[in-house]
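These are the residues of each chain, in order.
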Amino acid sequence: MRLLQNYHMHTARCGHAVGTDREYIENAIQSGYETVGFSDHTPFPDMGDRYVARIRMQPERLEEYVQSILRLREEYKSQIRILLGLEVEYYPNHFDDWKAFISPYPFDYFILGQHNIGTTYEELYSSHPTDDKTIVSRYVDQVIDAIQTGAFLYIAHPDLVRYNDTKDPFYRDEMRRLCEAAKGLKVPLEINLLGIVRGRWYPNPDFWEIAGGVGNDVIIGADAHDPGNVYPVDALAVAESMIERFHLNHIQNIL
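Report follows, based on the coordinates. These figures come from a predicted structure and were not determined experimentally. (Residues numbered from 1 in each chain as written. Predicted model: local features only at pLDDT ≥ 70, side-chain atom pairs only at ≥ 80, totals over all residues. Heavy atoms only, no water.)

Turning to the pattern of salt bridges, a few remarks are in order. A complete count under the given rule lists 13 salt bridges for this structure. Among the charged side chains, a salt-bridge network with shared partners connects R13, D21, R61 and E64. (Salt bridge = Lys/Arg side-chain N within 4 Å of Asp/Glu carboxyl O.)

Turning our attention to the environment of V238. With respect to the helices and strands, V238 occurs in helix α8 (residues 233-245). The sequence separation of V238 and T134 amounts to 104 residues, and the corresponding C-alpha distance is 31 Å. (Helix = DSSP H or I, 4+ residues; strand = E, 2+ residues; numbered from the N terminus.)

Within the open sheet, the four strands sit side by side as β1-β2-β3-β4. Their pairing is parallel. Of all strands in the sheet, those bounded by a partner on one side alone are β1 (5-9) and β4 (109-112). Each strand of the sheet is rotated relative to its neighbour by a mean of 30°, with strand direction disregarded. As paired elements, strand β3 (residues 81-88) and β4 share four bridges and run parallel to each other. The partner of E87 across the bridge, within β4, is I111. (Pairing = 2+ DSSP bridges. Axes fitted to C-alpha atoms, helices over the stretch in contact; angles between N-to-C directions.)

The next subject is the packing of aromatic side chains. Applying the stated criterion across every chain, the model contains 14 aromatic pairs. Considering the side-chain rings of F44 and Y91, the 5.6 Å spacing of their centres and the 50° angle between planes classify their relative orientation as tilted. Here the residue F44 occupies a position in the loop between β2 (35-41) and α2 (62-75), and Y91 occupies one in the loop between β3 and α3 (95-102), the gap between them amounting to 47 residues. Across the pair, exposure class does not vary: F44 and Y91 are buried alike. Between Y163 and Y171 the ring centres are 6.2 Å apart and the planes differ by 0°, which places this aromatic pair in the stacked class. Using a relative accessible area of 0% as the deciding quantity, one classes Y171 as buried. In textbook terms, an aromatic cluster arises when at least three aromatic residues are bridged by ring pairs, as seen for Y90, F95, W98, Y105, F107, F110 and F152. (Phe/Tyr/Trp six-rings, centres within 6.5 Å; stacked < 30°, edge-to-face > 60°. Buried < 20%, exposed > 50% of the residue type's maximum accessible area, 1.4 Å probe, protein only.)

Now for the sheet that holds strand β8 (residues 217-221). Reading across from one edge, β7-β8-β9 is the order of the three strands in this open sheet, with parallel pairing throughout. Whereas interior strands pair on both sides, the edge strands pair on one side only; in this sheet they are β7 (189-192) and β9 (249-250). The pairing of β7 with β8 spans four bridges and is parallel. The partner of N192 across the bridge, within β8, is G221. Against the sheet, helix α7 (residues 205-214) makes contact with β7 and β8, and its axis sits at roughly 145° relative to β7, the strand it touches most. Each of β7, β8 and β9 touches α8; the most contacted strand, β8, lies at about 170° to it. (Contact = heavy atoms within 4.5 Å.)

Once that is clear, we can look at unusual backbone geometry. Residue P203 is reached from Y202 by a cis peptide bond, and omega for that bond is 0°. Assignment of secondary structure puts P203 in the loop between α6 (193-197) and α7. The residue D223 is not glycine, and still its phi comes out positive at about 50°. Assignment of secondary structure puts D223 in the loop between β8 and α8. Here the phi dihedral of H247 falls at roughly 55°; this positive angle occurs in a residue that is not glycine. Within the secondary structure, H247 is located in the loop between α8 and β9. When its relative accessible area of 68% is taken as the criterion, H247 is described as exposed.

What follows covers the packing of helix α1 (residues 21-31) against α2. Packed helices, taken two at a time, are described by the angle their axes make and the gap between the axes. Relative to each other, α1 and α2 sit at 35°, their axes nearing to 10 Å. For the element pair α1 and α2, the recorded crossing hand is right-handed. Of the residues in α2, those touching α1 at D21, R22 and I25 are S68, I69, L72 and E75. For the contact of α1 with α2, the per-class residue count stands at three nonpolar, one polar and three charged. (Left-handed = near helix turned anticlockwise from the far one by under 90°. Nonpolar A, V, L, I, M, F, W, Y, C, P; charged D, E, K, R; others polar.)

Most of β8 sits out of view: four of its five residues are buried. In this view, the connection linking β8 to its parallel neighbour β9 by way of α8 has right-handed handedness. (Right-handed = clockwise from strand over helix to strand, strands pointing away.)

Geometric values such as these leave the question of function open.
In structure tokens, the structure reads:
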């Protein structure tokens, strides 16, 4: 398999990625990509003392982010197509304010990366190991609510929620509910290569078996937080084996 598009790359502005924007692009060109998109963790409107972001860029850096990517787009336009995006948490209490905050900028797309659940910022992290079924159900509810807005190109790492028993019929029913909603709304699901690179609990084969049965469209995302992981060959081979094993409908060019 040869990846020609990747819509999931971060920048050092989020506080947990490294490298310069240019290094990501140079590595993408060397890897043979035709299209790449930056989708750093979105800032939210300034909440003053009430909220300090832990895993995303600060609001005052949004302008710099946008202008950097637009300059690179122009500079490298004869070599690669560069898109401007954001990875977004959906918080219903702040969604309208967020849309207004980012509306002045020419974003090409947004991907849903739901790490937290609840109505407000980072209320409950969904990725701690848990036996609590309500966390799984709330995660699925929030993801479905998010994609029903029509704002998101695809769902990043949809299997992020970390329920301890992924063979449990309850887990399978909830993940099927997520997959069926995504298919009905024609929103692809992402096999996340960073999870493979870092040996995380996702991509979860039990989840992708369900997605294969539902017939979801599936995209591969590098989720690069380091220029060296823009095209992780070994992780891609693992993702390819999952696609073949579960008869997943892999798509590439969605923009």
